[in-house]
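Fold and contact review
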Amino acid sequence: MPHSNKSYGWTGKILLIDLCTQKYEVIRPEENIYKSFLGGRGLCSYYMREIKNLMPSEIPLLFFPGALTGTKIPFAVKTIISSISPLTKTFFTSAVGGFFGWHLRKAGWDGIIITGKSQNQIGLTVKDENVSFFDCNDLKNKKASDIFHKLKPEGSAAITSIAADNGVAFSNIIIDKYFFAGRGGLGLVMANKGLKAIEVYGSCDIAVHDSENLSKGIEDSMRLVSASPSLMGELGFTEFGTSALYDLIFSRNIMPAKNFAGRSFPEAEHLNAWNFKNKYPWEKTGCPNCPILCKRISSEGLLPEYNSMAHFSSLIDNRDIDIVMEANRLCNETGMDTISAASAIACYRELKYKDHSIDIIQLLKEIAFASGEGKLLIKGSSEFSKKLSSPESSMNVKGLDLPAFDPRGAYGFSLAYATSTRGGCYLQAYPLSHEILRKPIATDRFSFEGKARITKLNEDMNAAMDSLGLCRFSVNAFGLEECAKLLNAVTGEDFTAGDLMNCGERIFYNERIINYTLGFDSKDDDLPERFFESENAINRDDFLKARANYYLIRGLSPEGKPLETKTRELKLKWLE
Amino acid sequence: MAGVKEKYLQKLISQRLCNSTDPLVGFLDADLQWNRESDKTEILSQVVNSLGVSAIIYSIPREPYKSMIKYLASYEEKDFLKPEDTETRTFLHDIPIAQNLNVGELTQKLKKRKGLVLKDGSVIAQGAIGVEQAFVTFSSICFSLFVKFMCDFYYHRKNLMKMEGEVEEIAKKAIKCYEDHLLPFDKMPQSPYPFEKEDDAIAAIIEAGSLTVESGLVDSFFGNISCLFENTIYISQTGSSLDELEGYIDPCPIDNSKTNAITASSEFSTHRAIYLKKKFNAILHGHPKFSVIYSMLCDKINCPNRGKCHISCSDRRFMKDVPIVTGEVGRGKNTLLQTVPEYISGRGVIVFGHGVFTAGGSGFYEIFRNLLEIEKEALWAYKDLVF
């Protein structure tokens, strides 16, 4: 049954919740807002600025599925969750899979904006048009699987777990048990609002303008997916999840070891995907309509993804496959970001134990419960290293711990980390695709030539993809040319790939403006000193030149600040 | 980046896609730079700026492409061309036709597609993140439209479709151009076999890949190559140039105990299945034009599978002794993984609208020779059909 009283594709309604009063309003955005910001990440940045203008002290929490989320399009599953990060202090977006956005859109909502704070731990239920609240005081300090067992959501649920209850700055929001909105500590934002859980259930279909063209568009896209070795190859993500990257990244000498002190980890071949598969026989699972199903589950729990595997082995010099598995399970159950948790341990080892072995599992438990030595690490490696007057030992950009790709082995990552609006993150510029996976073409990973523009273009493209709700893996197969066809079939609009790029540029710049208002500029768009001083170091002059080119191409000042002319050219509001 | 610009300019020339004085190659990093001055760069610069892409190639292609493209673009009633080969179906979707070098029209069409052709026969290809991407698109357009013209000409000769104008002259010219390069080619792989060490296997791959391009059988991005040595498959990486394979060969244990092959050719699964099924130790796959064309010729105009022959053709078809099989690129339903390992034997197998796989048990000499022979025989068979 299609929704009534709405246009094709978009539902035309956003839910605005005030947790103080437990009341809600319905926002009905004008058409041009949808056309300019699409959905997902785009609408997050739009409404973040709107709310901050109206209520400067408010830290809202936003849940926005992409414009294509909830349709039958493969990879169109993502919900973007957004706020101001307690870890990085930047505007932060986290794309998460599972059924949450799927149900939210089918319930007739293009997003939820949560403001205010509840005095008690409460839950929110959105069932089609109906909105209600429920008591969650008994869920404090419960592990994730127990909370899901207790809730038994009819559709989908987003929860926080033990780490968020105890103030861990890198705590996740957990969706449907196996999907994590990670990295920026959005779980802590949710916990600070007294919101423990959100349940959503939607029973309606997204109205599609042209089903025949949608099917053709899906067929074209799927042909490209089948031809992508990293996605559908027998050693690709469909068989091994992202753990398939472990051998490749190690063999390319890009996997960081010992808190980025080096890139040598001789035990790597014993901790690769093949060994995990043999030790923990798995089954595939994943998001609705996904042809890849990248998650793997065994009787011992979810298998670690690439970054978790690498950081819980090479980064902290752990050679025990069972500890990698247990550390990953513990983080998932307590709701901690695996990259930041491992990075905190790596930094702790370097500064306090001089690389001697420590009880990793015990320390992770202590972090999650903010007890013992773990209490030192709940604000992340950056704060910890500053307290010990050794900020150089935290390998982060803007407070966000770096993932398991050493930029000395692929220079595109250095620009990606420096310019991402999230901090040390590769997913916005996604150099993994062209520097490692050779899509859409291979680029020279030891050169900055052309990388400034590639970084900018990929950031724009991925901002558009995130706003459509498409999984990042999709860019290993298709691009905005195929996306435009899909979006037009769903909405009846007439977007071109170029139009979507323009939307992406607008969305990224808007995020850059928000970060500028939060005090970020070129001094923050930088890498840890270690990358410029060590063996096979990146030439700092080359990096700075590439970053200056990036600012020029992005339309920023030489100090990385937004410009009024560019802001108005992109039809964005200039700073008041 | 001037080096990259120059590199692909030279590839356009060496692979006989363009004459040396014709191509305009623009690359934008902080500034837009061109390989030479031209009165067209102002318009093309506006197009690049409007699109926000990194690179663009504009050129009248060399003959016979120029005449073929000009013909197809002139007589097509729609504003796009839709060849039915795998290259178009998978990557290009269709090829827009622009009337002339007008900023508005070019921008509008290139916002939707990777490249286009103009009525005068010239080709424009864009690269979102680099010149290489534009080169691949330029090369793909030339290939796909060569294949389309020759297929159309066959149906014209069979009175199954009507082509106006001097099509016979163009077809004859195209065949002559192709023959002039391919037929005299007499180099063969010289790498010793059997391989004694890993380096020998890699060197043999590099040599055979390079010869496959030099012979004119394929343009550099159209194919993949592997060999099996001591339980490891050495295979060209996805998107690599067959004539530049040094450093771009992935060693992949045949038992899949390492996942390095995540960057291997999209046909890795097919190569591996062939090695597991048959006693072969080397495989060469390319997209030579007349093998592709021949595989697409079928007089059953009213066949219910028409339009989806590449996955649904139920006839057992051959080019002489070489089977022609169905299958999409990659792995999954209706892919060539289900057909090629099953049917490959003797000299090789042709995949409908896609290309040729040859495989053997004694290194690359034999399978390179087979690829060359199959293509020559497909060319002669085509000539017999149309003249």
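Scroll up for the structure.
Presented here is a report on the structure given in the accompanying data block.

1. Looking at the overall build of chain A
A count of helices and strands for chain A gives 24 helices and 17 strands. The C-alpha radius of gyration of chain A comes to 22 Å, within 12% of the 25 Å expected for a compact globule of 576 residues. The principal-axis extent of the C-alpha atoms belonging to chain A is close to 65 × 55 × 50 Å. Within the span of chain A, comprising 576 residues, buried residues form 62% of the whole. Partitioning the intrachain contacts of chain A with sequence separation of at least 6 by distance along the chain shows that 70% fall at a separation of at least 24.

2. What to know about unusual backbone geometry
If a residue is not glycine, its phi is most likely negative; likewise, a peptide bond is most likely trans. Cis peptide bonds are those with omega within 30 degrees of zero, and the linkage from Lys439 of chain A to Pro440 of chain A qualifies with -5°. In this chain, Tyr193 of chain B is followed by Pro194 of chain B through a cis amide linkage whose omega measures 0°. Summarising the element assignment, Pro194 of chain B is placed in the loop between helix H7 (167–182) and helix H8 (198–214). In this model, Asp317 of chain A sits at a positive phi of 55°, which is unusual for a non-glycine residue. Overall, Asp317 of chain A belongs to the partly exposed group, with 17 C-beta atoms counted inside 10 Å.

3. Re the pairing of strand E8 (residues 130–135) of chain A
Residue and element names in this part refer to chain A. Across the six residues that make up E8, only a small minority, zero, are buried. Of the pairings in the sheet, the one linking strand E7 (residues 122–127) to E8 comprises six bridges and is antiparallel in character. The residue bridging Leu124 from the neighbouring strand is Phe133, located in E8. Hairpin geometry of E7 and E8 is characterised by an intervening segment of two residues between the two adjacent antiparallel strands and by a positive phi of about 50° at Asp128.

4. Some thoughts on helix H2 (residues 40–54) of chain A
In this model H2 of chain A runs 21 Å from its N-terminal to its C-terminal C-alpha over 15 residues, within 8% of the 21 Å that 1.5 Å per residue would give. Considered for burial, the residues of H2 of chain A that qualify are Gly40, Arg41, Gly42, Leu43, Cys44, Ser45, Tyr46, Tyr47 and Met48 of chain A.

5. Examining the sheet that holds strand E13 (residues 283–285) of chain A
Sheet architecture is open: three strands sit in the order E13-E14-E15 (chain A), paired in antiparallel fashion. Only two strands of the sheet have a single partner each, and these edge strands are E13 and strand E15 (301–302) of chain A.

6. Focus: the pairing of E7 of chain A
Here E7 of chain A runs beside strand E12 (residues 195–201) of chain A; their pairing, made up of six bridges, is parallel. When the bridges of E12 of chain A are listed, Val126 of chain A appears paired with Val200 of chain A.

Rules of the game
- Residues numbered from 1 in each chain as written.
- Chains lettered and ligands numbered in written order.
- Predicted model: local features only at pLDDT ≥ 70, side-chain atom pairs only at ≥ 80, totals over all residues.
- Helix = DSSP H or I, 4+ residues; strand = E, 2+ residues; numbered from the N terminus.
- Rg over C-alpha atoms; globule rule 2.2 N^0.38 Å.
- Buried ≥ 20, exposed ≤ 12 C-beta atoms within 10 Å, placed from the backbone.
- Contact = placed C-beta atoms within 7 Å.
- Pairing = 2+ DSSP bridges.
- Expected span 1.5 Å × (residues − 1).

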